[in-house]
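Summary of structural features
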Amino acid sequence: MDDLKIYFATYNVGTSSPEQSLLEMLSLSSNPKNDKATPDFYVIGLQEVSAQPVKLMIDAFNDDPWTRALKEILAPRNYIKLKTIRLQGLVLSVYALRKHLLNVREIESNYTRTGLSGLWGNKGAVSIRLGIYGCTICFVNAHLSAHDHQLDDRIEDYNTIVKDQEFHVSGNNTIFFHDYIFWMGDLNFRLLENFDRSPEEIERIINKGNIDELFKHDQLRSVMQKKVAFSELDEGNPLFPPTFKFEVGDSKYDHKRRPAWTDRILYKVHPNNYDNITLHAEQKSYISHPQYTLSDHKPVTSEFVIKVLSEYGEEVVKFDKISNWWDNEENCISFEFLHYHKINRDDWIGVYKADFCCLDEYQTYEYVMKNSSPTPTPKNKVSPQMSPNSSVQNPEGFSKKYNITFSQPSNKHDGLYRLIYVSETEDKVRSVLGISDAFTISDKDD
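Throughout, residues of each chain are indexed from 1 in the direction in which the sequence is written. Residue-level local features of this predicted model are given only where pLDDT is at least 70; pairs of side-chain atoms are given and counted only at 80 or more, and the full residue set underlies all totals for whole chains, interfaces and linings. Processing note: side-chain calculations cover all non-hydrogen atoms of the structure and skip hydrogens and water entirely.

What follows deals with the overall build of the protein. Only DSSP runs of H or I covering at least 4 residues are called helices, and only runs of E covering at least 2 are called strands; the numbering of each starts at the N terminus. Summing up its helical and strand segments, the protein has 7 helices and 20 strands in all. For the protein, the proportion of its 446 residues judged to be buried stands at 53%. Residues are treated as being in contact if the distance between any of their heavy atoms lies within 4.5 Å. Long-range contacts, defined here as pairs at least 24 residues apart, represent 71% of the contacts in the protein between residues at least 6 apart. Method for areas: the Shrake-Rupley scheme with a 1.4 Å probe, in which residue coverage is limited to the protein chains shown. As displayed, the protein has an accessible area near 21000 Å², and 46% of this comes from carbon and sulfur atoms. Categorising residues by exposure relies on relative accessible area from a 1.4 Å probe, with only protein chains included: less than 20% of the type maximum marks a residue as buried, more than 50% marks it as exposed, and the intermediate range marks it as partly exposed.

And the structure:
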């Protein structure tokens, strides 16, 4: 694996429901068989998802309607939802093709409130970081302070988010300590205040196609050039018209506000983090989707191709074949570490449907440290993965082979199932280390 294709979408949905098909926003067709060159990852950032107290309580136990709609589209196309994080109306989700799952490492999320001086989460940022094929990526979805005159507040929001966000992965503990950074959202930057034009005058400039001329007065590009905010990041010039503010249900500009490019996708690459390889990100597209009329914003999407490390190990845990799994019985299975792994207190093995589409959708689970026991290994036996002369040997006392007992009922359903070994630290940093072959759950009385 040398390159990965990542598709980004940011949309301020204005508390609406997903009543329009999201296929076009995702560059997908109605029939998955007709999709063209689907990306390896989808990263979706939403703002102003309805955050009424009752809905927040419901969504705490289930995906919000937008995330459900996205998952319904992506699951039949073999995408797994790795993680969703929500801060009131801010939602960020990362989906990966199933084939990449064993190469995803150290998934962690974070959030920062900036509303009411950090006391309220109506504004702020959510983030997800992970490792993939030996490289590290941080995704940020932000919703910054609104209105033309609050430029200083937006600058302060950005700097607060950068300082506040900390992760628990060695060497990657801040947003910009990653190989790749992608920052998107309703950043709320408007046109410069000294650009003294009315909404009607700005719309006439847009209708004449003078996008480049209008973009010279963009606040975000101005603060980037002055190095007071977002100067660490790059952005392709948007060739599409301003994505705010529209009449809801229409594509006419609402003249209560001056049109502006509030919805943006920026990126940063650290090209020289590794010897003998130069990392890079190629932006293949950067467009808006004017046919969406559910809110006063238009969604913006961008597709990137990034360079990753081509040689990278996959499976860390290998499960023995499961011949029988009995419903409502204790089941003992065996697994083996193919490489050294320090078992964390919160490592667990989950029982999933074979066609699972989300890492949180396990049927049952057991903690490895609490419910497993090592299988004695004959002395002087050499691991097939490590030669006798290898400089990297198993630490003394490390057992490769384990048995684990599942005592909880399986809540049997028809179909096939799999086991997944999830490494999880006390700071909730997750990695998928192994996936079993599919098996059935049977009743001994059948």
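Once you've had a look at it, read on.
A few words now on the confidence of the model for the protein. In the predicted model, the protein carries a mean pLDDT of 91, and the fraction of residues at 70 or more is 89%. Contacts from residues 382–393, a stretch scored under 50 in pLDDT, to residues over four places away or in other chains number 13 contacts. For every residue, the predictor reports its confidence as pLDDT, a number between 0 and 100.

Turning next to the sheet that holds strand β17 (residues 401–406). Strands were regarded as paired on the criterion that DSSP finds at least two bridges between them. Strand order in this open sheet of 4 strands is β12-β13-β17-β16, and the pairing throughout is antiparallel. Two strands in the sheet have a free side with no partner beyond their single neighbour: β12 (317–319) and β16 (372–374). For this sheet the average axis-to-axis angle between neighbouring strands, irrespective of direction, equals 30°. Judged from the 6 bridges that link them, strand β13 (residues 331–337) and β17 form a sheet pairing that is antiparallel. Following the sheet pairing, Cys332 is matched in β17 by Thr405. Think of each axis as a best-fit line through the C-alpha atoms, taken over the contacting stretch in the case of a helix, with angles from 0 to 180 degrees between the N-to-C directions.

Moving on, we come to the packing of aromatic side chains. Stacked, tilted and edge-to-face are the three classes assigned to paired rings of Phe, Tyr and Trp, where Trp is represented by its six-membered ring and a pair needs centres within 6.5 Å; plane angles under 30 degrees give stacked, over 60 edge-to-face, the rest tilted. Summed over all chains, the structure comprises 31 aromatic pairs. Summarising the aromatic geometry, the rings of Phe335 and Tyr402 are spaced 5.7 Å apart at their centres and angled 10° between planes, so their arrangement reads as stacked. With Phe335 in strand β13 and Tyr402 in strand β17, this pair connects stretches of sequence that are 67 residues apart. This pair shows no difference in class: Phe335 is buried, exactly as Tyr402 is. What links up through ring pairs into an aromatic cluster is the set Trp348, Tyr352, Phe356, Tyr362, Tyr365 and Tyr367. The positively charged end of Arg98 is found above the aromatic ring belonging to Phe356, 5.0 Å away from the centroid. Charge-over-ring contacts are defined here by two conditions on Lys NZ or Arg CZ: a distance within 6 Å of the ring centre and an angle within 35 degrees of the ring normal. Lying over the aromatic face of Phe246, Lys298 brings its terminal NZ or CZ to 4.6 Å of the ring centre.

Of the consecutive residues Phe244 and Lys245, the connecting peptide bond is found in the cis state with omega at 5°. One can find Lys245 in the loop between α6 (219–226) and β9 (263–269). Despite not being glycine, Glu106 shows a phi value in the positive range, around 50°. Structurally, Glu106 can be placed in strand β5 (residues 104–115). By relative accessible area, Glu106 is classed as partly exposed at 35%.

Moving on to the nonpolar core. Take the buried Ala, Val, Leu, Ile, Met, Phe, Trp, Tyr and Cys residues and link them wherever side-chain atoms come within 4.5 Å; each set so joined is a nonpolar core. Grouped together as the largest cluster of nonpolar side chains are 58 residues, with contacts concentrated most on Phe8, Phe41, Leu82, Phe139, Tyr180, Phe182 and Ile306. With residues up to four places along the chain from it excluded, the contact list for Phe139 reads Phe8, Val43, Leu92, Val94, Val126, Ser127, Ile128, Leu130 and Phe182. In terms of nonpolar packing, the next biggest core, distinct from the first, is built from 24 residues, Tyr7, Tyr11, Leu26 and Leu97 among them.

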